[in-house]
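Chains, contacts and geometry: an overview
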Amino acid sequence: MSPGGEAAEAAALLLEARRTGRPLERLPARLRPADIAGAYAIQARVHAALGRSGVWKVSGGPPAAASPVAVLARTEAGEAPPPGAEGIEGEIALRLGADLVPDPAMTVETLASLIDAHAPAFELTRARVSHPDQTRPEKMADDFIAHAVVLGAPVAGPPAAGAFPRPVLLRDGVDAQAPYAPIDPLASLLAFARAGGDPFGGMKAGDWIITG
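Residues numbered from 1 in each chain as written. Predicted model: local features only at pLDDT ≥ 70, side-chain atom pairs only at ≥ 80, totals over all residues. Heavy atoms only, no water.

Some words on the overall build of the protein
Helix and strand counts for the protein come out as 5 helices and 10 strands. Across the 212 residues in the protein, those meeting the buried criterion constitute 42%. In the protein, once contacts between residues fewer than 6 apart in sequence are set aside, the share between residues at least 24 apart is 75%. Summing over all exposed atoms, the protein offers an accessible surface of approximately 9,800 Å²; the carbon and sulfur share of this is 59%. (Helix = DSSP H or I, 4+ residues; strand = E, 2+ residues; numbered from the N terminus. Buried < 20%, exposed > 50% of the residue type's maximum accessible area, 1.4 Å probe, protein only. Contact = heavy atoms within 4.5 Å. Areas by Shrake-Rupley, 256 points an atom, 1.4 Å probe, with all protein chains shown as cover.)

Below, the structure is given as structure tokens:
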């Protein structure tokens, strides 16, 4: 089977897991991506089938070249979350006022000038593959369990540079999330932009990006 055929077969299994809500134990060995390029090849086929939502996730941290992008469903605050969401993570979402063109020399000031709003947000997570010993490329192929984003009320302009505390979600007076370190959304997106960007056609004006 060609590498393209293997990526298409792996994507079909992940799409079926998304559709049914029943996770795979693991992708068959012959379909597991061996590197970042293989992971992106699977992601690209999954999201070609799902369609463009205009919401992205940059994740992975240093090295920046290993930062994957996931395309997520978008849910406004107050709406019911999509079916199958199993976990939750606080985020600071960034909205682009102009297309993001990758540039290895980009500065944080230039990046901030592209952001026309930010908002508190919650990422809803869902595992499509359950095996605990997946490799990093395997996790990337399934978007690091990203599933959807609930956006709060936007605030005009970019956030301040530096670390932000994560938004708190209380349930019966107790934070419903696992403990997380503060996040620096501009630094995460800057690392991604300097690394060369995504293989899915680029982030466009009006798109939202989470960076946890």
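Next comes the rest of the account.
Some words on the pattern of salt bridges
When the charged atoms of two side chains with opposite charge come close together, those side chains can pair. Tallied over the full model, the rule gives 9 salt bridges. Of the charged contacts, one joins Asp-207 and Arg-52 as a salt bridge, the two residues approaching to 2.5 Å between their closest N and O atoms. Here Arg-52 lies in the loop between helix 2 (36-50) and strand 1 (55-58) and Asp-207 lies in the loop between helix 5 (185-195) and strand 10 (208-210), a separation of 155 residues in the sequence. By relative accessible area, which is 51% here, Arg-52 ends up exposed. The residue Asp-116 makes a salt bridge to Arg-95 at a minimum N-O spacing of 2.9 Å. On the criterion of sequence distance, the pair formed by Asp-116 in strand 5 (residues 115-125) and Arg-95 in strand 4 (residues 87-96) is long-range, its members being 21 residues apart. Given a relative accessible area of 32%, Asp-116 falls into the partly exposed group. A relative accessible area of 25% places Arg-95 in the partly exposed class. What you see here is one network of salt bridges that share partners, running through Arg-26, Arg-32 and Glu-138. (Salt bridge = Lys/Arg side-chain N within 4 Å of Asp/Glu carboxyl O.)

Section: the environment of Arg-52
Placed 148 residues apart in sequence, Arg-52 and Phe-200 show a C-alpha to C-alpha distance of 9.6 Å. Residue contacts for Arg-52: discarding those within four places in its chain leaves Gly-202, Met-203, Lys-204 and Asp-207. Of the polar contacts made by the side chain of Arg-52, one reaches the side chain of Asp-207; its length is 2.5 Å. (Polar contact = N/O pair within 3.5 Å; in protein donor to acceptor, adjacent residues only side chain to side chain.)

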